[in-house]
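# Chain and residue survey
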Amino acid sequence: MRPWSRELWRLGLLAGIGALAGWTFSAPGLGLAAGLALCLLHHLRQLHALHTWLTHNPHAEPPAASGLWGELFDRLYRYQKGQRLTQSRLRSTLKRIQESSEAMHDSVVMLDRHGDLEWWNSAATRMLGLEAAHDRGQHVTNLIRDPRFVDYFHARDYREPLTLPSPIDERLILQFQITLYGDDERLLMARDITRLHRLEEMRRDFVANVSHELRTPLTVLTGYLETYHDLVEGLPPRLVRGLTRMQEQTTRMQNLVNDLLLLSRLEIDQGGDDHAPLAMDTLLESVRRDAEALSAGRQRITVEVEETRRLIGSEQEIRSAISNLAFNAVRYTAEGCRVTLRWRPHPQGACLEVEDDGDGIDPVHLPRLTERFYRVDKGRSAASGGTGLGLAIVKHVLLRHDARLEIDSRPGHGALFRCVYPAARLAAPASAAPASPRGSLDPAP
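Residues numbered from 1 in each chain as written. Predicted model: local features only at pLDDT ≥ 70, side-chain atom pairs only at ≥ 80, totals over all residues. Heavy atoms only, no water.

As recorded in an unreviewed UniProt entry, the protein goes by Phosphate regulon sensor protein PhoR and comes from Halomonas heilongjiangensis. Of the protein, the UniProt comment under Subcellular location (unreviewed entry) reads exactly: "Cell membrane". (UniProt positions renumbered as here; feature names shortened; annotations may be inferred.)

Below, the discussion takes up the overall build of the protein. The helix and strand tally for the protein stands at 13 helices and 14 strands. Every one of the 445 residues in the protein was classed for burial, and the buried ones make up 36%. For the protein, the accessible area works out to roughly 26,700 Å², and carbon and sulfur atoms hold 57% of it. (Helix = DSSP H or I, 4+ residues; strand = E, 2+ residues; numbered from the N terminus. Buried < 20%, exposed > 50% of the residue type's maximum accessible area, 1.4 Å probe, protein only. Areas by Shrake-Rupley, 256 points an atom, 1.4 Å probe, with all protein chains shown as cover.)

On to helix α8 (residues 194-229). The terminal C-alpha atoms of α8 lie 51 Å apart, and with 36 residues this matches the ideal 52 Å at 1.5 Å per residue to within 8%. Maximum bend of α8: about 25 degrees, positioned at Arg215, with proline Pro217 one to four residues after it. In this fold, the buried residues of α8 make contact with β4 (173-181), β5 (185-192) and α9 (237-268). (Expected span 1.5 Å × (residues − 1). Bend = angle between axes of the 7 residues up to and from the residue. Contact = heavy atoms within 4.5 Å.)

This next bit is on the environment of Ala424. Here Ala424 shows up in the loop between β12 (415-422) and β13 (426-427). Ala424 sits 22 residues away from Asp402 along the chain, and the two C-alpha atoms are 9.1 Å apart.

Moving on to helix α10 (residues 280-295). Between its first and last C-alpha atoms α10 spans 22 Å; for 16 residues at 1.5 Å apiece the expected length is 22 Å, and the two agree. Taken residue by residue, α10 has Met280, Asp281, Leu283, Leu284, Glu285, Ser286, Val287, Arg288, Ala291 and Ser295 as its buried positions. Along its buried surface, α10 packs onto β6 (275-278), β7 (300-305), β8 (310-314), α11 (315-331), β9 (338-346) and β10 (349-356). Positioned one or two residues after α10, Ala296 has a phi angle of 60 degrees, which is positive.

Glancing now at the sheet that holds strand β3 (residues 162-165). The antiparallel open sheet is built from five strands, whose spatial order is β2-β1-β5-β4-β3. The sheet terminates laterally at β2 (117-120) and β3, the two strands that pair on one side only. Geometrically, the sheet is characterised by an average inter-axis angle of 25 degrees between neighbouring strands, direction not taken into account. Across four bridges, β3 lies against β4 in antiparallel orientation. (Pairing = 2+ DSSP bridges. Axes fitted to C-alpha atoms, helices over the stretch in contact; angles between N-to-C directions.)

Structure follows, in structure tokens:
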């Protein structure tokens, strides 16, 4: 407040001197006006100096002034100096970011809130064919026109990456990932996974070929073992036990080969040709009978249908997924437990659940359950006759039906496997048949 006090005293002094001088000439009002005019002239002179400084040489030191104007010049100069320092730091940071992005082998593309290209590194030029002279300001979907990328971009669900061929070289396989930041802006990254893609294709081909080649000798071996098993009368008990063990292991190998072939087909084949609306009550009842045959009365298996809409999909694949979940529940729960197959509504569409009240699974194992050959208890899984591929098959079946698998389990509280299907995968109940009953379809005792 001290500068303002000085300015007020200066204004009062000039007004008083002017009025006193005018009073000596019998014109105090004219003298007062002259004093105020001198004050106004002073401020106009300082405004002119400020304008000249900011317009012609803002980086130089401010004009010399005293009082309120001097403090104003000093504050503006310090603020301007701080802004120049901040801008310098921002330019340095931006330069380091651009230099680090240029050093990356992955493509980095910055998009504004509308999806227009703002900046990209040299890897994006090499992988995506972007050119600064023509493409800056273009919408990204004008340059990457694959319908799968367009759908991925507009869906705004960027939790999972998208794998596509490069728009300039189909031999180059890229993995696209979009991240939202700032004011609805996007950062697009593309990684060259051509080598990994080829290795994965080689792995799939190898597994499919080996599994296919193993089927013939296993079929021959199974046939001879079944023939010898019919002739066990009169053989020594040790030889009978050996033949029985060989037959069990051959059957296990056949199941493993069949699961490997099914998994390879799910990975390679696009599918979709045999999709049709499925009556889930009938399908679940059929799976329940198969699970009861495996259980041999050790567990109580029930079906609950709370959703009347039908599921659009491949009956063979959906049955395989449900059967794997149901058979796992039968294999890994104790005698007297209850296993429930349930088809019910879900906020996102509908869901298929397989729930048991067994021992449950430690949450530490849940993220890896769908990996091939992963076993929570290796000894127990081998004794139960499982191949370790059941949940991997379930995962791939659900991916082919735009669904996802959710697992909820804790030790001592059983396990719940939930397959969530989107509303687009549902069809209205069949008009010719009555709606499936709501509630429990428990088998007759």
